[in-house]
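# Structural characterization, general
Here is what each chain is made of, one letter per residue.
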Amino acid sequence: MVPKLKVATCQFPVSADIARNTGYVRRQMRTARQRGARVAHFPECALSGYAVADFESHDGFDWPALEDAVGRIGELAAELRMWVVLGSAHRLSEGNKPHNSLYLIDDAGELVDRYDKRFCASVDLAHYSPGDHRSVFTIDGVRCGALICYEYRFPELYREYRREGVELVFHSYHAGNVPAGELADRPYPAATMPPSMIAAAAANHVWISCPNSSAPQSCWGAFFVRADGIVTGRLPRNRAGVLVSEVDTDAALYDSTARWRGRAMDGVLHSGDLVDDPRSRARTGFGPRTGRLGS
């Protein structure tokens, strides 16, 4: 049977209020399941709130409340028999800043892995400790990987996952709660993030789910990209919603780089066969004996 997977890419106004965030997550999980999704995917720091944008620091943070909320979401995942990819801060030992993480919860409600954001932007590093590993997991026969926000700037991470046979990347964002004036002065997230996801999908032939916080002002609405780089659905900015998309790993999609991608990843940076020709080697002129033009 050809692996197919229905993914719910979810957005809501992420905030510093753990209880409010939990309510949104649980409601959207139910909506996603009613619409046939097998996995619900949420934004960066969806449960905890994002220290860079939603609150000033983790000083006095209510870690027990956060851990209780993760448990409640796991219980609902088991009840609904669905997977959850959930953004949250993850507490470390005393003296260490938390990770910025994605919890990978299976359809039995078990935490089966945790992805920790490896490339933290400079503003992140004031609040979070970077991670050190990739996360590869399989849902209903579809091989998946996870990334977080700023990591879109590093195409090496997509190549790493493609080498591992990943077909679907859950790439969570938090590009919301941005002051309107700042959004006008610094349009980079809206200008670079969605196009980068289109390019990453097409270059690596992977499907990508891209949820975002919908807190005003959000830079863009959550969207889903097919493995040929086509955006198959978007949600509007600044409004909570659930986008359900189907991954079909056997779909006859355009992939012009399929023949040469493996070679490129192995460092063979050309297509076809090279030729041994003096006129090819003479790069500063038109002939093999001199570098002077017109010889």
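Residues numbered from 1 in each chain as written. Predicted model: local features only at pLDDT ≥ 70, side-chain atom pairs only at ≥ 80, totals over all residues. Heavy atoms only, no water.

### So, the side chain of His171
Quick reminder of the rule: By the criteria applied, helices consist of DSSP H or I runs no shorter than four residues and strands consist of E runs no shorter than two, each listed in order from the N terminus. It only takes one pair of heavy atoms within 4.5 Å for two residues to be counted as in contact.
Inspection of the secondary structure assignment puts His171 in strand 8 (residues 168-172). Excluding residues that lie within four positions of it along the chain, His171 makes contacts with His41, Leu147, Ile148, Cys149, Glu151, Tyr152, Tyr158, Met197, Ile208, Ser209, Cys210 and Pro211.

### Focus on the side chain of Asn100
With respect to the helices and strands, the residue Asn100 is situated in strand 4 (residues 99-105). Beyond its immediate stretch of four places on either side in the chain, Asn100 contacts Glu44, Cys45, Tyr50, Ser88, Tyr115, Asp116, Lys117, Tyr128, Ser129 and Ile148.

### Focus: the packing of helix 1 (residues 18-34) against helix 2 (residues 63-80)
Worth spelling out the cut-off: A fitted line through C-alpha atoms serves as each axis, taken over the contacting stretch for helices, and the angle formed by two N-to-C directions is quoted from 0 to 180°. For classification, angles of less than 35 degrees are called roughly parallel, those exceeding 145 degrees roughly antiparallel, those between 65 and 115 degrees roughly perpendicular, and all remaining angles oblique. All residues other than Ala, Val, Leu, Ile, Met, Phe, Trp, Tyr, Cys, Pro, Asp, Glu, Lys and Arg, Gly among them, are scored as polar; the first ten of these are nonpolar and the last four charged.
Relative orientation of the contacting elements helix 1 and helix 2 amounts to 10°, with a least axis distance of 10 Å. Relative to helix 2, the element helix 1 lies roughly parallel. Together, Ile18, Thr22, Val25, Arg26, Met29, Arg30 and Arg33 of helix 1 and Ala65, Leu66, Ala69, Arg72, Ile73, Leu76, Ala77, Glu79 and Leu80 of helix 2 make up the contact between the two elements. Within the contact of helix 1 with helix 2, the residues separate by chemical class into 10 nonpolar, one polar and five charged.

### Points about the nonpolar core
This is how it is decided: Here, the term nonpolar core denotes a set of buried Ala, Val, Leu, Ile, Met, Phe, Trp, Tyr and Cys residues that are joined through side-chain atoms within 4.5 Å. Relative accessible area decides the class of each residue, using a 1.4 Å probe on protein chains only: under 20% of the type maximum gives buried, over 50% gives exposed, and in between gives partly exposed.
The biggest cluster of nonpolar side chains holds 46 residues, and the ones touching the most others in it are Leu168, Phe170, Met197 and Ile208. At five residues, strand 7 (residues 142-148) tops the list of elements feeding residues into this core. Ile208 has contacts with Tyr158, Leu168, Val169, His171, Met197, Ala200, Ala201, Phe223, Phe224 and Val225, leaving out every residue within four places of it along the chain.

### Digging into the pairing of strand 3 (residues 83-90)
Formally: Paired strands, in this sense, are two strands between which DSSP finds at least two bridges. A right-handed crossover is one whose linking path, passing over the helix from the first strand to the second, runs clockwise when the strands point away from the viewer.
The buried fraction of strand 3 amounts to eight of the eight residues, a majority that puts the element mostly inside the structure. Residues Trp83, Val85, Gly87 and Ala89 line one face of strand 3 and the alternating positions Val84, Leu86, Ser88 and His90 line the opposite face, and both faces are buried. Taken together, the three bridges between strand 2 (residues 39-41) and strand 3 define a ladder with parallel strand orientation. Bridge pairing in strand 3 links Val39 to Trp83. The β-α-β motif built from strand 2, the intervening helix 2 and the parallel element strand 3 has right-handed crossover chirality. Strand direction decides the pairing type here: strand 3 and strand 4, joined by seven bridges, are antiparallel. Counterpart to His90 in the pairing with strand 4 is His99.

### What to know about the layout of surface pockets
What counts is decided by this rule: Whether a set of points on the 1 Å grid over the protein atoms alone is a cavity depends on a 1.4 Å probe fitting there but being unable to get out, while an open set qualifies as a pocket with protein on both sides within 12 Å along at least five of seven lines; lining residues are those with an atom within 4 Å of a point. Grid points are joined across faces, edges and corners, and a volume is the space filled by probe spheres set on the points.
Of the pockets and cavities examined, the second largest pocket occupies roughly 290 Å³. Looking at the second largest pocket, it is lined by 14 residues, and the ones nearest its centre are His58, Trp63, Asn96, Lys97 and Pro98. Partitioning the lining of the second largest pocket into residue classes produces four nonpolar, six polar and four charged.

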